[in-house]
Structure formats: structure tokens, C-alpha cells
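Working through the structure, step by step
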There are 2 protein chains.
Amino acid sequence: MKEPRFDCAVDAAMSVIEGRWKTVIMCQLAHRREPMRYNQLMSGIPGISPRIFTLQLKEMEKDGLIIRDVRSESPKHVEYSLSPRGLSLLPILVSLAEWGLKNMFPNRVRFEANATMPERSDLERAGLC
Amino acid sequence: MKEPRFDCAVDAAMSVIEGRWKTVIMCQLAHRREPMRYNQLMSGIPGISPRIFTLQLKEMEKDGLIIRDVRSESPKHVEYSLSPRGLSLLPILVSLAEWGLKNMFPNRVRFEANATMPERSDLERAGLC
DNA sequence: CCGTATCCCAGCAGATACTG
DNA sequence: CAGTATCTGCTGGGATACGG
């Protein structure tokens, strides 16, 4: 993602949370509930390489989802934490996780097929395109 | 995306809604509130090319978000609609859109900075990693 | 009308080694 | 400790033309 997309509100939000590891990083920070250091955070995410990890962090910082706090140089000590904006995204990630549990792991939770179409007024108030 | 990711529930959900145009397509279908035909749907999405459009539709169908219904051959008539599963995702897209409005268009709505950390029990019940 | 076929490319992502 | 540097590959996305 170079620049966030602004065509519609959902798309704008998606452009900020898309990225192979961003939601995972947010989950880690949410789970630990306190600022985390670079290696501490990375070691909780198996399979990520330092380059990609740094890139994702940089984008998330630029988009205001996380805060990077340099506590000391040599020995360098940096702490990452969720910003208020990132925090405000957590309830949505929780909803997504619940949806994922129901729909992607059908063996664990039975799929609820009784969803109904939301009112159009709700859609429009939310700027859903 | 080749195969959905299953490491954690959020990631699993994200792997299904990621894709340059998927949320936009869902928005269109949600807004119109009735089955839409290929060209009708595509013409509501400026900038998309037929190849990509078809690819996104195929993936969404495979992931059970939409239903593809062939009503007749020659003249070919196909209708796309949201499945129950796709429908069940709409409330989350609405939340995302609201978040996007607040955070990506700060001129239109003032940013609310009073979010608080959800309880860890909520996170874990949702399978948030 | 509803797509494929073909070609192309930028950018994301990964592995590994290295440094202030 | 917290990152860069470098190289490399893949694949998602795009333009355009054509086909059943």
C-alpha cells in the first residue's frame, strides 16, 4: 500500500489494516496489554522476517495505529504500543475474529445462517460506499 | 491469496475479505439489495478491469461470500447476490466504514480518542490469536 | 452478455547477512 | 537491541483484445 485509498469509507479502512501481518501485530499488542519491544513482539509472530516486520511497523506508525517510543539509545530500547486510534479498532478486530471462528472453523462453532440485510439507512450513515 | 490462512481467527477472516475490490463489491450488493448482473455490478465500480473483477468474484464465491446464479444461457444471464455468510459480514463492514469515516476523513467527523482496551476475556473468547 | 486469453509489471513478501 | 542492506521471487493487479 503506498497511499490509503479514499474512494469509500470501508475501502479506506481496509487500506490501512491490509498487510500480511498488521492484524496479527495488533492482536499481539492487544493480548499483552502493555508496550512491547521489537524482538519481544517479533518473536511472538512465527514466520515473519525482520525486514517485513519493520515495514509493517513503519506503515502502522504512519497510519497512526501504533506508537513507537524510543526509550534509550545504546543499548537501544524501543517500545511499541497501540495508539488510541489502534485501540479503537480492536472491537472491530474482535468482531472479525468471531466471524472467522464461525465461518472459517466450522468444526468448532456451527455456522449461523440467519443473518439479515441491514437497513439501507444504516449502510448510508456509515458511508458504506 | 491462494488458500485462506488459519493461524488465528482474525487472520483467517482477513484472508477472505482482503483483495483490492472485495469489500467494494460487497458494498455494491448491499446497497442495491438485490441480485445484480455482471456488467451492472462492474459498471458500479469505476477502475476495475474485467479480468480482476472475475477473479475477485470467483474467490468470493469459493469462500462463500456471494452466490453466482446462472439464470439462462444465450443470451447468458448471470446474477450475483450476497450469501447468508456474506450478509453476516455486513455489520462488520459497517463498523469498518464508521471507523474509516472517523479516522481517515477527519475533516468530516472529529476523531474520538477515548477508546479503551477491551477485556482480555473478550479477546480470548473471540479467538483473537 | 459474460466472461477468457494474453501479456505485463509494480510492489509485497521472504531469506540471509550485516551494523550503529 | 533494533533494525538495514541486498538480492530475489511471486502474485495480485492492470490493459486490452478476443470468444462462446
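Residues numbered from 1 in each chain as written. Chains lettered and ligands numbered in written order. Predicted model: local features only at pLDDT ≥ 70, side-chain atom pairs only at ≥ 80, totals over all residues. Heavy atoms only, no water.

**Overview of the protein's contact with DNA strand D**
Of all residues adjacent to DNA strand D, which total 20 residues, the nearest are Lys58(A), Arg68(A), Tyr80(A), Arg20(B) and Trp21(B). One of the side-chain N or O atoms of Arg37(A) is found 3.0 Å from a phosphate oxygen in DNA strand D. Interatomic distance of 3.2 Å between a backbone N/O atom of Val78(A) and a phosphate oxygen of DNA strand D. Those elements giving two or more residues to the surface near DNA strand D turn out to be helix 3 (38-43), helix 4 (50-62) and strand 3 (77-82) of chain A together with helix 4 (50-62) of chain B. Considering only residue class, the surface near DNA strand D consists of eight nonpolar, five polar and seven charged. (Near = heavy atom within 4 Å. Polar contact = N/O pair within 3.5 Å; in protein donor to acceptor, adjacent residues only side chain to side chain. Helix = DSSP H or I, 4+ residues; strand = E, 2+ residues; numbered from the N terminus. Nonpolar A, V, L, I, M, F, W, Y, C, P; charged D, E, K, R; others polar.)

**A few points about the relation of the copies chain B and chain A**
Once chain B is rotated about the relating axis by 180 degrees and shifted along it by 0.0 Å, it coincides with chain A to within an RMSD of 0.0 Å. Such values leave the two copies arranged in the relation of a two-fold axis. When you check the interface residues of chain B against chain A, 100% turn up at the interface there too, and the contact is symmetric in its surfaces. (Least-squares fit on C-alpha atoms with pLDDT ≥ 70 in both. Contact = heavy atoms within 4.5 Å.)

**Side note on the sheet that holds strand 3 of chain A**
Residue and element names in this part refer to chain A. If you trace the three strands from one edge of the open sheet to the other, you get 1-3-2, paired in antiparallel fashion. Each edge of the open sheet carries a strand with a single partner, namely strand 1 (36-37) and strand 2 (66-72). The pairing of strand 1 with strand 3 spans two bridges and is antiparallel. Across the sheet, the residue bridging to Met-36 is Tyr-80, located in strand 3. Most of the contacts of helix 2 (residues 22-32) go to strand 3, to which it runs at about 95 degrees, and overall it touches strand 1, strand 2 and strand 3. (Pairing = 2+ DSSP bridges. Axes fitted to C-alpha atoms, helices over the stretch in contact; angles between N-to-C directions.)

**As for the pattern of salt bridges**
Considering all chains together, one arrives at twelve salt bridges over all chains under this definition. The partner of Asp122(A) in a salt bridge is Arg125(A), with the nearest N and O atoms 3.0 Å apart. Pair noted here: Asp122(A) and Arg125(A) are both in helix 7 (residues 120-125), with a separation of three residues, about one helical turn. The class of Asp122(A) is partly exposed, set by a relative accessible area of 29%. The exposure class assigned to Arg125(A) is exposed, which follows from its relative accessible area of 56%. Of the charged contacts, one joins Arg71(B) and Asp69(B) as a salt bridge, the two residues approaching to 3.2 Å between their closest N and O atoms. According to the relative accessible area criterion, Asp69(B) is partly exposed, its value standing at 31%. Each of Asp69(A), Arg71(A) and Glu79(A) takes part in a single network of salt bridges with overlapping partners. (Salt bridge = Lys/Arg side-chain N within 4 Å of Asp/Glu carboxyl O. Buried < 20%, exposed > 50% of the residue type's maximum accessible area, 1.4 Å probe, protein only.)

**A closer look at the packing of aromatic side chains**
Scanning all chains against the criterion turns up two aromatic pairs over all chains. Over the ring of Trp21(A) we find Arg20(A); its NZ or CZ atom is 4.2 Å from the centre of that ring. (Phe/Tyr/Trp six-rings, centres within 6.5 Å; stacked < 30°, edge-to-face > 60°. Lys NZ or Arg CZ within 6 Å of the ring centre and 35° of its normal.)

**Brief notes about the sheet that holds strand 2 (residues 66-72) of chain B**
Sheet strands pair via backbone hydrogen bonds, and the direction of the pair is either parallel or antiparallel. Residues and elements named next belong to chain B. Strand order in the open sheet formed by three strands is 1-3-2, with antiparallel pairing between adjacent strands. Of all strands in the sheet, those bounded by a partner on one side alone are strand 1 (36-37) and strand 2. Helix-sheet contacts for helix 2 (residues 22-32) involve strand 1, strand 2 and strand 3 (77-82), and the interaxial angle to strand 3 is about 95 degrees.

**Some points on the pairing of strand 3 of chain A**
Residues and elements named next belong to chain A. With five of six residues buried, strand 3 is to be regarded as a mostly interior element. For strand 2 and strand 3, the ladder comprises six bridges, and the chain directions are antiparallel. Note on strand 3: the bridge partner recorded for Ser-72 is His-77.

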